[in-house]
Amino acid sequence: ATDPDGNLDGIEWYVDGTFTDETSSISGDSGTGSLKKSFAEPGTYPISAKVFDSDRAYSDPISWQIIVEEANSAPSASINSPTGETTLTVGEQIEFAVDATDPDGNLDGAALYVNSNDPTDRDWSLSSGSDTASWTRSFDEPGRYTVEAEVFDTERKYSNSVSWDVTVEEEPNSAPTATASKPAQYTRVVAGEDIELAVAATDPDGNLDGIEWYVDG
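What you are looking at is a predicted structure, and each value in this text was computed from that prediction instead of being measured.

**Description of the pattern of salt bridges**
When the charged atoms of two side chains lie near each other, side chains of opposite charge can form a pair.
Okay, so step 1: Taken as a whole and judged by the stated rule, the model has five salt bridges.
Okay, so step 2: Residue R156 pairs with D108 through a salt bridge whose shortest N-O separation is 2.9 Å. With R156 in the loop between strand 11 (143-153) and strand 12 (162-169) and D108 in strand 8 (residues 107-114), the pair connects residues that are 48 residues apart, well separated along the chain.
Okay, so step 3: The exposure class assigned to R156 is partly exposed, which follows from its relative accessible area of 39%.
Okay, so step 4: In this structure D108 comes out as buried when scored by relative accessible area, which is 18%.
Okay, so step 5: With its nearest N and O atoms 3.3 Å apart, the salt bridge here joins E196 to K182. Taken together, the residues E196 in the loop between strand 13 (177-182) and strand 14 (198-202) and K182 in strand 13 connect sequence positions 14 residues apart.

Right, dumping it as C-alpha cells:
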C-alpha cells in the first residue's frame, strides 16, 4: 500500500463482503500488510482488503478468489485372506490379500512387511476408492513370522496396518522306500551255506540312516 500523505494506518480484511474484524497495521507512505487465515469448510471464498489512513480515508478494495478443497483422508485396510493364524511348511506358497477403501478415491498401492522389516514387496496396482492387493509368498526357514500390510493413496497417506501370524514348519519327514536287490525274494539254499542279501533304498528327504534285518519277523 502507498499513501501520498504519508499517514497509512491499516488494512481491513473481508470474507464474502463481510468484515472479519481483522486488521493489519501499516504506517508511513508505503507498507505491506498480511493476513493468515484458514477455512474449516470446503468452498469458494471471495477475500478482499481495504487500506485506510489515519483520517479513515479508504482505498479501493483488492480481492482474491480462494478455493478450499477437502483435506485428503487416509485410506483404510482390512484382511481379505488368510482370515486367521496360518501354519504352513517351508517352501509352501501362500497368498496374502488385503481389501482397501479410500473416501477420496485415490488409492495407489500397498506394502507388505515381514517381521516389521522394510517392505518386502509393493503392489502398485490399486486405484479408485475400493480395491484389493495381494502377494504370493513362501518362507525358506522354519519359525514364527509376523506379516503386515498397509495401503496408501496418491498423496502417500497410509492406512492402518493389518497383520497375520504365520508359523512355518519343517516339511514332514517322508519314509524311505526299500526294494530287494539280491537274491530273488524266494531263494533256496543248503543249510549252513552263506547267502548275501542286499536292499536298494531311496529317501525323498535324503536322510537315509541304516537298514535293520529281521528273520521270521
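**Let's talk about the packing of aromatic side chains**
Okay, so step 1: Counting across every chain of the model gives eight aromatic pairs.
Okay, so step 2: With centroids separated by 5.9 Å and ring planes inclined at 25°, the aromatic side chains of W13 and W64 adopt a geometry described as stacked. With W13 in strand 1 (residues 8-15) and W64 in strand 4 (residues 62-68), this residue pair connects regions lying 51 residues apart in the sequence.
Okay, so step 3: A relative accessible area of 38% places W64 in the partly exposed class.
Okay, so step 4: Within the aromatic cluster, the residues linked to one another by ring pairs are W124, F152 and Y158.
Okay, so step 5: Here K50 stacks its cationic end above the ring of Y14, 5.2 Å away from the centre of that ring.

Scoring rules and cut-offs
- Residues numbered from 1 in each chain as written.
- Predicted model: local features only at pLDDT ≥ 70, side-chain atom pairs only at ≥ 80, totals over all residues.
- Heavy atoms only, no water.
- Salt bridge = Lys/Arg side-chain N within 4 Å of Asp/Glu carboxyl O.
- Helix = DSSP H or I, 4+ residues; strand = E, 2+ residues; numbered from the N terminus.
- Buried < 20%, exposed > 50% of the residue type's maximum accessible area, 1.4 Å probe, protein only.
- Phe/Tyr/Trp six-rings, centres within 6.5 Å; stacked < 30°, edge-to-face > 60°.
- Lys NZ or Arg CZ within 6 Å of the ring centre and 35° of its normal.

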